[in-house]
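Structure at a glance
Residues per chain are reported as follows:
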Amino acid sequence: MRALNMHIRAVLLTESDMNEIHFSLNGAMRQVSSLGPVVTLLDHLRLAERLTATKEGCAEGDCGACTVAIGQLDEDGQIAFRAVNSCLMLTHELDGKLVVTTEALAKAPSLHQVQELMVERHASQCGFCTPGFVMSLFAYEQSPATRPALHEMLAGNLCRCTGYRPIIDAAHDIAARPQSLLPAHWAASVAALPDACINAAAPADLDELDRALHNTPSAKLLAGGTDLGVAIAKYGADPGPLISLRNLAALREVKLSEDALMIGAAASYSTLLPFLERLFPAFAAMVRRIGSLQIRNVASMGGNLCNASPIGDSAPCLIALDAILTLRSIHGVREVQAGDFFAGYRKTILREGEYLWRIRIPLLAPAQSFHTYKLAKRYEQDISTVSAAFRLTRDNDRLIDVRAAFGGMAATPVRARAIEAALVGGRHEPAALLSAIDEDFTPLSDFRGSADYRRQASCGILQKLLAQQEQSLSVEDVWQL
Ligand SMILES: Cc1cc2nc3c(=O)[nH]c(=O)nc-3n(C[C@H](O)[C@H](O)[C@H](O)COP(=O)(O)OP(=O)(O)OC[C@H]3O[C@@H](n4cnc5c(N)ncnc54)[C@H](O)[C@@H]3O)c2cc1C
Ligand code: FES
Ligand code: FES
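Residues numbered from 1 in each chain as written. Chains lettered and ligands numbered in written order. Predicted model: local features only at pLDDT ≥ 70, side-chain atom pairs only at ≥ 80, totals over all residues.

A separate point is the site of ligand 1. Near ligand 1 there are 30 residues, and of these Gly61, Ala223, Gly224, Gly303 and Asn304 occur at the shortest range. Ranked by residues supplied to the shell around ligand 1, first place goes to helix H13 (residues 301-307) with five residues. Partitioning the shell around ligand 1 into residue classes produces 14 nonpolar, eleven polar and five charged. (Near = placed C-beta within 6 Å. Helix = DSSP H or I, 4+ residues; strand = E, 2+ residues; numbered from the N terminus. Nonpolar A, V, L, I, M, F, W, Y, C, P; charged D, E, K, R; others polar.)

This is the structure in C-alpha cells:
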C-alpha cells in the first residue's frame, strides 16, 4: 500500500477551500478537515481509520476487492445503498453520505444475513475478495433479482480462485429472502449530518460552476471520478485543481420531453439506465457493458465524452442518434452535434472555462430502429476493441437512411459515411463492406487488436447487422450470440 501522504497535494482551488466534510462511517459521525483533496476513500479507510477489511487489489476499479456501500437517505427517509469502488472514490466526495464497510455488518448484532448466507453456501473463500463480494451483495440485497441480474451485479467482483458458483448461489438466496433490518442508528446518523458542505470546489448551482471555472480555467471537473480516479489511484497523477460536481443536481437531471431525452452531463449510468431501457434498449445494452455496477453507479456519460477516449462506449451511440450537446461557460451556451465534439485523440472542442452541461437525444421515429455492438476480449468489465452503433430508417422494407458511428477505429469515435452509403446503396457483400470500411478508417494496431483484426471485426459487425435485419432478430438476440 502506498504511503498516504503520496496523495496529499494542494490541488483544491485555494487553501480556504479545504473545508471540513461530514459523513457517517458505519453509523458513527465523522468530521474530517485537513484532508488532502486526492485521498481515496480506500486509503482513508485503511490508513486513517485502520479499517482493513476493505482491500486494494488493482487500484483501478477492476477487481472489486475495495467495494464499500455508500448510503443516502431517499425521499421516504430510508437509506438507499449503492456499491462503489473505494479505490477510485475521493474521500471528500462522501460529504453528507453514509459509508458502510464489512466491519459494521458483522456487528449488527451478530453476522449480517449476507455474511450468514455466504457461510452457509461455502461461498467465503479468500479474505481478499470476500469483503468486496459481501458489500456488493449487501448493497444489492433489497432488490428482487433474476440470475442474469445477479451475474451482472457481481461482474465487478473478481474471484481469482474461480469460486463463483457458491457465491452466485449465496446471492440467489439473499435475493430470495426478505431484507434484514438495518441498525436504526445508521439512518439517524445520516439524518443528523449537516447539509452537504458547499464550497468553491463543490459549487451548488450552474452559475457558481461558471464562475469557479472562469476563475480557474485549468481546473478539472470531477463527476464520477472513474477516469480521474484511475489516473490518481493507479498512476499517482496530480490532476491539478479539481471542481467537484457532487452538489450540482442540475447536472444530474434526466428528463423526457415529447421528442427527446435530456441527460445532465453528470447523471450516473445507473440513473440513466431505466430511461435507456425504455427508449433505446440497444443503447442500454451498450451501457450495461460499461465497467461494472460499481463503476456505473457513479460514472457519467458526460465524463465519458469529455475524457474523449477513442473507445468511449457512449460516443458512437450518441453520434449515430444525432445527439446534441449543450456546452456552457460564463459567456453563455452553445450547441454542437455529438459528432463534432471531438477535436483529436483525447481532445474535445471545449474552450477554456467551458463544460458539458447536457446531452439531448432525439427520440426514434416509428420507422427508425437502433442497434449497437461491442467487441472486447471479455464480455464483462472490458474496454472495447471495436464498438459500433447504427440508426436505421426504413420505408416499408427499404433502408432509406443510416447513421453509423464506430469506436476503436480512429483517433476519436467517428461517424462512418462511406459505410452509411454502402448500407443504403445495397452494397452488402463483404468485399463492398470492406472497401467502405477502408474508405472510412485506417485503424491502429495495439494490444487489443491489430489493424486488420479491427477491419475484419467491423465487417463482421456489419454482416451481423444485416443478418439481424433480414431475420428480424431483436436486439437481445444479437447480444446473446
Ligand atoms: C474498471 C473500469 C472499467 C471501465 N469500463 C469502461 C467501458 O467499458 N467503456 C467505457 O466507455 N468506459 C469505461 N470506463 C471509463 C469510465 O468509467 C467512463 O469513461 C466514465 O463514463 C467516465 O465518467 P466519470 O463521471 O467517472 O468521469 P470523471 O472521471 O469524473 O471525468 C472524466 C474526464 O471528463 C471531465 N469531465 C467530467 N464531466 C465533465 C463535464 N460535465 N464537462 C467537462 N468536463 C467534464 C473530467 O474533468 C475528466 O477529465 C471504465 C473505467 C473503469 C475504471
Ligand atoms: S482495488 Fe480493485 S476495484 Fe478497487
Ligand atoms: S475468493 Fe478470493 S480468489 Fe476467490
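What follows is about the nonpolar core. Ala69, Ile243 and Leu318 are the most contacted members of the largest nonpolar core, which totals 137 residues. No other element matches the seven residues that helix H4 (residues 130-140) contributes to this core. (Core = buried A, V, L, I, M, F, W, Y, C linked by C-beta atoms within 7 Å. Buried ≥ 20, exposed ≤ 12 C-beta atoms within 10 Å, placed from the backbone.)

Okay, unusual backbone geometry next. At Asn26, a residue that is not glycine, the phi angle is positive and equals roughly 50°. Counting through the fold element by element, Asn26 comes out in the loop between strand E1 (21-25) and strand E2 (28-32). For Asn26, a count of 22 C-beta atoms within 10 Å translates into the label buried. Despite not being glycine, Asp322 has its phi angle at roughly 60°, a positive value. Of note, Asp322 is situated in the loop between helix H14 (314-320) and strand E10 (324-329). Residue Asp322 is classed as partly exposed on the basis of its C-beta count, with 15 C-beta atoms lying within 10 Å.

As a further point, take helix H7 (residues 184-191). Trp186, Ser189 and Val190 are the residues of H7 that are buried. Each buried residue of H7 sits inside an arc of 95° when the element is viewed along its axis, so together they form one side. In H7, those exposed residues whose orientation departs by more than 90 degrees from the buried face are Ala184, Ala188 and Ala191. Along its buried surface, H7 packs onto E1, E2, strand E3 (67-73), strand E4 (79-85) and strand E5 (98-100). (Arc of directions from axis to C-beta. Contact = placed C-beta atoms within 7 Å.)

Our next topic: the environment of Cys63. Among the secondary structure elements, Cys63 is positioned in the loop between helix H1 (41-48) and E3. The spacing of Cys63 and Tyr373 is 310 residues in sequence and 25 Å in space, taken between C-alpha atoms. Excluding residues within four positions of it along the chain, Cys63 makes contact with Gly57, Cys58 and Leu158.

Further remarks concern the sheet that holds E2. Pairing in this open sheet of five strands is mixed, and the strands run E2-E1-E5-E3-E4 from one edge to the other. If you trace the sheet from one side to the other, it starts and ends with E2 and E4, each paired once. On average, adjacent strands in this sheet sit at an angle of 30° to one another, irrespective of strand direction. Note: E1 against E5, two bridges, orientation parallel. Looking at the pairing, Leu25 lines up with Val99 of E5. Those strands touched by H4 are E3 and E4, and its axis lies near 25° from that of E3. (Pairing = 2+ DSSP bridges. Axes fitted to C-alpha atoms, helices over the stretch in contact; angles between N-to-C directions.)

Turning our attention to the packing of helix H16 (residues 430-440) against helix H17 (residues 451-471). For the pair H16 and H17, the least separation of the axes is 10 Å and the interaxial angle reads 125°. For the element pair H16 / H17, the angle class is oblique. The chirality of how H16 crosses H17 is right-handed. Residues Pro430, Leu433, Leu434 and Ile437 of H16 touch H17, and the partners they reach there are Arg455, Ser458, Cys459, Leu462 and Gln463. A breakdown of the residues in the contact of H16 with H17 according to their chemical character gives six nonpolar, two polar and one charged. (Parallel < 35°, antiparallel > 145°, perpendicular 65-115°, else oblique. Left-handed = near helix turned anticlockwise from the far one by under 90°.)

The next thing to look at is the domain arrangement of the chain. Here the domain parsing of the chain yields domain 1 (18-191) and domain 2 (370-479). Distance between the C-alpha centres of domain 1 and domain 2: 39 Å. (Domains from an automatic or database assignment.)

Before going further, it helps to spend a moment on the pairing of strand E11 (residues 332-337). Of all six residues in E11, zero are buried; the element is thus mostly exposed. As defined by bridge partners, E10 adjoins E11 across six bridges and the pair is classed as antiparallel. Bridge pairing in E11 links Arg328 to Val333. Hairpin remark: E10 followed by E11, antiparallel, with two residues in the connecting loop.

Now for the packing of helix H15 (residues 417-424) against H16. Put simply, H15 and H16 touch, their axes get as near as 7 Å, and they point 155° apart. The angle between H15 and H16 falls in the class roughly antiparallel. Along the contact surface, H15 presents Arg417, Ala418, Ile419 and Ala422, while H16 presents Ala432, Leu433, Ala436, Ile437, Glu439 and Asp440. Residues of the contact of H15 with H16, tallied by class, amount to seven nonpolar, no polar and three charged.

To continue, consider the sheet that holds strand E17 (residues 398-407). The strand order E15-E16-E17-E18 describes an open sheet built from four strands, whose pairing is antiparallel. Each edge of the open sheet carries a strand with a single partner, namely strand E15 (368-375) and strand E18 (414-415). One ladder, built from two bridges, connects E17 with E18; its direction is antiparallel. If you follow Ala405 over to E18, its bridge partner there is Arg415. Along the sheet, H17 contacts E15, strand E16 (386-395) and E17; its crossing angle with E16, the most-contacted strand, is approximately 30°.

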